[in-house]
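# Inside the fold
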Amino acid sequence: MTHENEAIRLIPLFPLAAVVVSGLWLLFARGSMSRGAVIAIGCGAPILSFLVSLREVFQLTRLDEGQRFFVDNLYTWISADPFHAELSFLLDPLSAVMILVVTGVGSLIHIYSVGYMDDDHREDRGFQRFFLYLNLFTFSMLMLVLGDNLLVMFVGWEGVGLCSYLLIGFWYLEDHNAMCGQKAFLVNRIGDFGFLLGIFLLFWAFASVGSPTVEFHEMSANVGKLADTMVTLPPALSFLPAFPAWKLLTLACLCLFVGACGKSAQLPLYTWLPDAMAGPTPVSALIHAATMVTAGVYMVCRMSFAFSLAPGASATVAWVGGLTAVFAATIALTQKDIKKVLAYSTVSQLGYMFLAAGSMAYSAAVYHLATHAFFKALLFLGAGSVILGMHHEQDIDKMGGLRRRMRWTHRWFLCGVLAIAGVPFLSGFFSKDEVLLGAFAAHDLPGHMALYAIGVLTAGLTAFYMLRLHYRVFAGETRATPEVYNAVHESNRWVLMPLAVLAALSVGVWLLSPPDLWGELLFGGMRKSHSLHYFLQEAAFSAPHDVSHATELGLAALATLFALAGIAAASFLYYFKPEMVDRLTDRVRPVYDVLWNKYWVDEIYDFLIVRPLLWVSENVLYRLVDADLIDRIGVNGTARAVRGVANRGLKFLQTGFTQSYLVIMLIGALGIIAYMMRGAS
Amino acid sequence: MTPLAAIPDGLLLSVTVFWPLAVVVGLLVLEFFSSPRLSDRIWRAAAFAASLVGFGLTLEVWARFDPTVGGMQLVQRTSWIEGYGINYYLGIDGISLFLVVLTGFLLPIVLLACWNDVVKRTKQFVFFMLALQTGMLGAFVSLNLFLFYVFWEVMLIPMYFLIGIWGGPRRIYATIKFFIYTMVGSLLMLVGIIVLVYMHRAEFNVLTLDYIGFAGAPGIADTTVRMSGDVWWKTQTWLFAAFALAFAIKVPMFPFHTWLPDAHVEAPTPASAILAGILLKLGTYGFVRFALPLFPAAALEYAPVMITLAVIGIVYGACVAMVQGDVKKLVAYSSVSHLGFVMLGLFAFNLTGIEGSLLQMVNHGISTGALFILVGMIYERRHTREISDFGGIAHVMPVFATFFLITTMSSIGLPALNGFVGEFLILVGVFEHYPWAAVCATSGVILGAVYMLWMVRRVFFGPIVHEANRKLLDLSLREKLVASALVVPMIWIGVYPSTFLRPMDASVRTLLATIEARGGETGSRLALVQALPEEPPVPEALPESGEPAQLDRLDRLDEESGE
């Protein structure tokens, strides 16, 4: 059986071709392409990729179990012995799920963008530029998930970062947007710093056992040889008493995880994601909810062969994920910008995925990643529809009662809200349960019960803030001025069609692959080939768990209870007794202020890192070292000294500025020659 | 079949080196005899055409280059000054090849870029530019130390005038600083060369300045340089120091870098582009061609010092670049940072690091050259380079902004563009023996993005606050051509670096073999990874061979499904 499949390259090729055509046009032609051409190229490319992806994934499922992977090797990219990296693509169950999400949800969002960007007239060629960036993003994201080694993955990794930067700052004439884009790029670069160190460490580690490689299959075949390898820290770092020697894989995985924290907006590098909402809403849906921000989760799953041998790193992943989940959920409780609420919700849900990945329940992480892609994309696109309808108003204090003016948006949005809240038998319910089950069953994970508890609590918080958002936007009487309210309109078909598809997926995508327990209960058992869990096992092996079905049902019931409690509380406060909200807020004013100000994390970073760095660079390095020490004292000081000597002692030589130096230097040089010759001959 | 193919192998390098000088001398003669005098336009056009032919010549060199040979190729050697071992001796290998091609490539681009820029004394300007090209090419291909030294110094003169005549307000200070800084280093190197020649004569009983031996005769590179002796008298250490200082000033390495920002700020655009693009590479080239193979033991012993300076340069250059208000000064300090990477890779003493460095020299030449040219384009329109005088430029000059952004991304090492490949190989290489240096240097990846993106945001994004910026014209066709010509190799090297890495292989291997043979062991000196002395861990229940990972996973799948 051959695993070579040259069709894989087509998947990223379509969006790349679109970028090249559109880009050359923008650089060398006058004016923009026609609107129809932009739509055809811009939306056609991801749709074609989606179709090819469907076909290739179908081919993949027909391969024998345990042998399901396609490789498409283009050429040797970088090679300088012993380092070697091919430009090659890998389609296995893990990347299969990802490309379907990326091209599927991506295509829908491209179509939605046609409707959303239609009324944007800030720039002549903005429409074409927007689709160019979206296509470039799709290309990069596909490189990221299809890359067969860490380096090709890194190409996509940085590429999506660039697109994120460009798209957040898409309306760059407002300084705020450009600032937010820049922040996203820079915070991501901090993560990339870790990612790069992880690559270096892994490469030389594998080189030390005779297989210098960054290619996934080869690494996973040889990772066993590194299981007990230790790294000694240099004496300078011996103040870390608990870790006189680190396990190499733990160190490498932690480095990689720093990268994941940056890309997937986890503590402490999450601050860029809420600011990323400055970009157009389709961008928030595509990049900052459904696809790019899940890259970190994907990377941890892709490197699961290493993480599963590094319990310390996995525990860190789980704890960072769990803490981020609850931390971001608390901030989401108080935010008033419709997109900010969704942004913090995304941070929180990504934390969930890391919680699962750190518990070595990789299939649960990917499952939640997929369902989250659908319902969070739906929520963002719904929010976009609201923003369009409200003429770019995003403050939920100025909304309310929109259900009467935006019937369809209201319905589809509600599907997403219920799905993320964990209402039984919607997709979010199943994936969330899988995540919680993973944490519950991970006996080797220190504090796994605490993490489980955090997860359940977060489920309740999520249900609360999502329902709060929904009520504040759609329910009750409007708080908008009558002129604004009467101008609110339902969005056009380009916008509503993707919403409908995503709503259907948010509700029912789990039917494609229900978790084992529910498959058995509802459908009387299923073929393993239909289970995402089994499908993924050969790409990212999840530890089997020993939880009985009864316990599993109990866990689901508990989580549902919390979710329903959250829903009930939100309904009570924001639907039945809205007048109580303010009184309650006053009661907990200090807590509310902390949350409303997002724990002042941005301000703390600014004070601790940004300002000192600038101050030191300006005053110490530039003014003191460069200008004073080196130039004034060193260079010009020497010059003055020489001139002084020349003035006094060697006046007869002083014919000019340059020459005097040269003579002095020559004399010195001759002296040195004479001295050296003594030793040489 | 191009007419260039008719040039015999033995003459090709000579023709390549002296072609630019021959053209301008020819123009001078024509100018002398023709009446009326030739117009500026003819000079400019002739120079541009000549530089294109010059690029063709360097490509011809590349085409004839045999990548499987590790030694010198296309060698030409004739006696010059009899009796003193001074020969006219040229040759090229995988280390100098792309620096020569880069020189040929940048010249026509720079001339095209400043087509309307230099209006004062155009003829002299053209003369100095082409003379400078001859000097640089000559230095890259000289195999006789005397000849190298002549070219090395000759280069200074046109650059001195280029900055001194066409420069900014503080040009005199800048030129003198540049000149003297470089002179100090050069003289020390001259001392080193003379000492080497006498040591060589003492050992082999012939007087020669040939660096590489010719036809079986020993060259300077074969001289045994003592590393023994008491602490204060290690010949190799002192000679290494003399060479290293000369080259470190040229690179420039921290703390010898302060001439560079001044020179760049005052220099006219074309001189800046050539200075950053090619001239600085002479320093790093000197290290890899002379300092490392001649004095390997000293280089290894002092590698930690050099690496420390390189890392300081990377971080320091980036930090200082961050707080600059003048775009050119910012780019100048970024050069200090980038060249720190090149130095870092050279002192990694492994193939990965050195090839990364060689590639990064080319990358820096293209990217930083492009940055200076692009800055020149906006300077020509606004006559200011202060970041605060701009803002919102992307709105009025979208094409310019696009090219600038691509160049920025290349400069900060975005994968799939050229800078990444070089930086990555350097860091991988350094990590083998100096992991902590690699860690510190990698932080340059963050800082590099910081200063470049801050600058880009303040220049291109945000509202247009200055009225003068509102009516700026976007790039003309000529400028688009210049910018595209620079972007093409950025993408090429980023996507398919093998074109450039493969021809280096054999020569870099030869270099490493030389270093090892001459007394430096390049093997593992610092053990990062220490496997615990236990029995090798065997993954549970493995079948004999085949695809262990796959089968292993299958087994686990079965186990799990069985429960």
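Residues numbered from 1 in each chain as written. Chains lettered and ligands numbered in written order. Predicted model: local features only at pLDDT ≥ 70, side-chain atom pairs only at ≥ 80, totals over all residues. Heavy atoms only, no water.

The next thing to look at is the overall build of chain B. A tally of helices and strands in chain B yields 20 helices and three strands. Since a compact globule built from 563 residues should have a radius of gyration of about 24 Å, the 25 Å found for chain B is in line with a globular shape. Summarising its shape, the C-alpha atoms of chain B cover approximately 95 × 70 × 55 Å along the three principal directions. Residues classed as buried in chain B amount to 66% of the 563 residues present. Taking the intrachain contacts of chain B between residues at least 6 apart in sequence as the baseline, contacts between residues at least 24 apart amount to 79%. For chain B, the computed accessible surface area is about 18,600 Å², with 66% contributed by carbon and sulfur atoms. (Helix = DSSP H or I, 4+ residues; strand = E, 2+ residues; numbered from the N terminus. Rg over C-alpha atoms; globule rule 2.2 N^0.38 Å. Buried < 20%, exposed > 50% of the residue type's maximum accessible area, 1.4 Å probe, protein only. Contact = heavy atoms within 4.5 Å. Areas by Shrake-Rupley, 256 points an atom, 1.4 Å probe, with all protein chains shown as cover.)

For the rest of this paragraph, the subject is the overall build of chain A. From N to C terminus, chain A includes 27 helices and four strands. In summary, chain A has a C-alpha radius of gyration of 29 Å against a globular reference of 26 Å for 681 residues, a match within 12%. The dimensions of chain A, computed from C-alpha atoms along their principal axes, are 100 × 65 × 60 Å. Within chain A, counting contacts between residues at least 6 apart in sequence, those at least 24 apart form 78% of the total. Total accessible area on chain A stands at roughly 24,800 Å², and carbon and sulfur atoms take up 67% of it. Here chain A contributes 45 positive and 49 negative side-chain charges, whose respective centroids are spaced 7 Å apart. (Lys, Arg positive; Asp, Glu negative; His and termini not counted. Charge placed at Lys NZ, Arg CZ, Asp CG, Glu CD.)

Attention now moves to the packing of aromatic side chains. Applying the stated criterion across every chain, the model contains 65 aromatic pairs over all chains. With a centroid separation of 6.1 Å and 65° between ring planes, the pair formed by phenylalanine 170 of chain A and tryptophan 171 of chain A is classed as edge-to-face. On the basis of relative accessibility, which here comes to 1%, the residue phenylalanine 170 of chain A falls in the buried class. According to the relative accessible area criterion, tryptophan 171 of chain A is buried, its value standing at 13%. Grouping aromatic residues by their ring pairs yields a cluster made of Trp77, Phe83, Phe154, Trp157, Phe195, Phe200, Phe203 and Trp204 of chain A together with Phe420, Phe424 and Phe431 of chain B. The ring centre of tyrosine 485 of chain A lies 5.7 Å from the NZ or CZ of arginine 405 of chain A, which sits over that ring. The aromatic ring of tryptophan 408 of chain A is capped on one face by arginine 411 of chain A, whose charged end is 4.7 Å from the ring centroid. (Phe/Tyr/Trp six-rings, centres within 6.5 Å; stacked < 30°, edge-to-face > 60°. Lys NZ or Arg CZ within 6 Å of the ring centre and 35° of its normal.)

A few words now on the interface of chain A and chain B. Listed as interface residues are 95 residues of chain A and, on the opposing side, 100 residues of chain B. Taking the shortest distance from any N to any O, the salt bridge between aspartate 175 of chain A and arginine 457 of chain B comes out at 3.8 Å. Counting every contact that joins chain A to chain B gives 16 residue pairs in polar contact (both at pLDDT 80 or more). Top element by residues in the side of chain A that touches chain B is helix 6 (residues 175-208) of chain A. It accounts for 17 residues. (Salt bridge = Lys/Arg side-chain N within 4 Å of Asp/Glu carboxyl O. Polar contact = N/O pair within 3.5 Å; in protein donor to acceptor, adjacent residues only side chain to side chain.)

On average, residues of chain A carry a pLDDT of 85, and 92% of them reach 70 or more. Taking the mean pLDDT of every element in chain A, the minimum, 63, falls on helix 27 (residues 657-680) of chain A and the maximum, 94, on helix 11 (residues 295-302) of chain A. (pLDDT = per-residue confidence, 0-100.)

Another aspect to go through is unusual backbone geometry. When glycine is set aside, most residues are seen to have a negative phi, and most peptide bonds are trans. Note the cis peptide between aspartate 81 of chain A and proline 82 of chain A, where omega equals -5°. Position of proline 82 of chain A among the secondary structure elements: in the loop between strand 1 (70-80) and strand 2 (83-91). Looking along the chain, the bond that leaves valine 251 of chain B and enters proline 252 of chain B is cis, with omega of -10°. Considering the arrangement of structural elements, one finds proline 252 of chain B in the loop between helix 7 (235-250) and helix 8 (259-266). Positive phi values are uncommon outside glycine, yet methionine 360 of chain A reaches one of about 65°. Tracing the backbone through its elements, the reader meets methionine 360 of chain A in the loop between helix 14 (338-358) and helix 15 (362-389).

All right, on to the environment of phenylalanine 535 of chain A then. All names here are of chain A. By the secondary structure assignment, phenylalanine 535 is in helix 22 (residues 532-537). For the pair phenylalanine 535 and glycine 66, spaced 469 residues apart in sequence, the C-alpha separation works out to 9.1 Å. Excluding residues within four positions of it along the chain, phenylalanine 535 makes contact with Leu60, Thr61, Arg68 and Pro93.

What follows deals with the nonpolar core. General note: in soluble globular proteins, nonpolar side chains tend to be found buried as a group. Core analysis: the largest hydrophobic core is formed by 466 residues, its most contacted members being Met303 of chain A together with Phe287 and Phe347 of chain B. Tallying contributions element by element places helix 15 of chain A first for this core, with 19 residues. Here this core spans two domains, since at least three of its residues come from each of domain 1 (10-587) and domain 2 (601-679) of chain A. With residues up to four places along the chain from it excluded, the contact list for phenylalanine 347 of chain B reads Phe240, Phe287, Leu292, Ala299, Ala303, Met306, Ile307 and Tyr434 of chain B. (Core = buried A, V, L, I, M, F, W, Y, C linked by side-chain atoms within 4.5 Å. Domains from an automatic or database assignment.)

Another point: the pattern of salt bridges. Residue and element names in this part refer to chain A. Throughout the structure, instances matching the rule amount to 25 salt bridges over all chains. Taking the shortest distance from any N to any O, the salt bridge between arginine 472 and aspartate 397 comes out at 2.5 Å. Of this pair, arginine 472 sits in helix 18 (residues 448-474) while aspartate 397 sits in the loop between helix 15 and helix 16 (407-421); the two residues are 75 residues apart in sequence, bridging distant segments of the chain. Judged by its relative accessible area of 24%, aspartate 397 is partly exposed. Several salt bridges converge on common partners, so that one network encompasses Glu6, Arg9 and Asp72.

A word on the packing of helix 8 (residues 248-263) of chain A against helix 13 (residues 311-332) of chain A. All names here are of chain A. Their axes nearest at 8 Å, the elements helix 8 and helix 13 cross at an angle of 25°. The orientation of helix 8 with respect to helix 13, classified from their angle, is roughly parallel. Both helix 8 and helix 13 take part in a crossing whose hand is right-handed. In this structure, helix 8 contributes Thr250, Cys253, Leu254, Phe257 and Cys261 to the contact, and helix 13 contributes Gly312, Ala313, Thr316, Val317 and Val320. Looking at the contact of helix 8 with helix 13 residue by residue, the classes come out as seven nonpolar, three polar and no charged. (Axes fitted to C-alpha atoms, helices over the stretch in contact; angles between N-to-C directions. Parallel < 35°, antiparallel > 145°, perpendicular 65-115°, else oblique. Left-handed = near helix turned anticlockwise from the far one by under 90°. Nonpolar A, V, L, I, M, F, W, Y, C, P; charged D, E, K, R; others polar.)

All names here are of chain A. At a minimum axis separation of 9 Å, helix 3 (residues 93-116) and helix 10 (residues 281-290) run at an interaxial angle of 165°. One finds that helix 3 runs roughly antiparallel with respect to helix 10. Our pair here, helix 3 against helix 10, has a crossing hand that is right-handed. Seen from helix 3, the contacting residues are Val101, Val105, Gly106, Ile109, His110, Tyr112, Ser113 and Tyr116; seen from helix 10, they are Thr281, Pro282, Ala285, Leu286 and Ala290. Across the contact of helix 3 with helix 10, the residue classes break down as nine nonpolar, four polar and no charged.

The next subject is the side chain of glutamate 158 of chain A. Within the secondary structure, glutamate 158 of chain A is located in helix 5 (residues 150-168). For glutamate 158 of chain A, a relative accessible area of 4% puts it in the buried group. Setting aside residues no more than four positions away along its own chain, glutamate 158 of chain A makes contact with Arg189 and Asp192 of chain A together with Gly413, Leu414 and Pro415 of chain B.

Here the focus is the environment of isoleucine 633 of chain A. As for its placement among the helices and strands, isoleucine 633 of chain A is situated in helix 26 (residues 601-648). Sequence-distant contacts of isoleucine 633 of chain A, that is, excluding residues within four places in its chain, are made with Asp628 and Thr638 of chain A.

With that settled, consider the pairing of strand 1 (residues 73-81) of chain B. Each regular strand carries side chains that alternate between the two faces of the sheet. All names here are of chain B. In terms of strand pairing, strand 1 meets strand 2 (residues 86-92) through six bridges, oriented antiparallel. Bridging from a neighbouring strand, glutamine 76 pairs with leucine 90 of strand 2. Linking two consecutive strands that pair antiparallel, namely strand 1 and strand 2, is a turn of four residues; a positive phi of about 85° is found at glycine 83 within it. (Pairing = 2+ DSSP bridges.)

So, on to the state of the cysteines. All names here are of chain A. As enumerated under the stated definition, the model contains zero disulfides over all chains in all. Unpaired in terms of disulfides, cysteine 301 finds its nearest cysteine sulfur in cysteine 253, a separation of 12 Å. The class for cysteine 301 is buried, based on a relative accessible area of 0%. (Disulfide = S-S within 2.5 Å.)

This part takes up helix 7 of chain B. Compared with the 22 Å implied by 1.5 Å per residue over 16 residues, the 23 Å span of helix 7 of chain B between its first and last C-alpha is a close match. Taken across its 16 residues, helix 7 of chain B has 13 buried, putting it largely inside the fold. (Expected span 1.5 Å × (residues − 1).)

Here the focus is the side chain of threonine 409 of chain A. Residues and elements named next belong to chain A. Relative to the elements of secondary structure, threonine 409 occurs in helix 16. Its relative accessible area of 0% is what places threonine 409 among the buried residues. Within the structure, the side chain of threonine 409 is placed 2.7 Å from the side chain of glutamate 490, a separation counted as a polar contact. When neighbours within four sequence positions are excluded, threonine 409 is seen to be in contact with Gly382, Ser385, Val386, Phe474, Glu490, Leu496 and Leu499.

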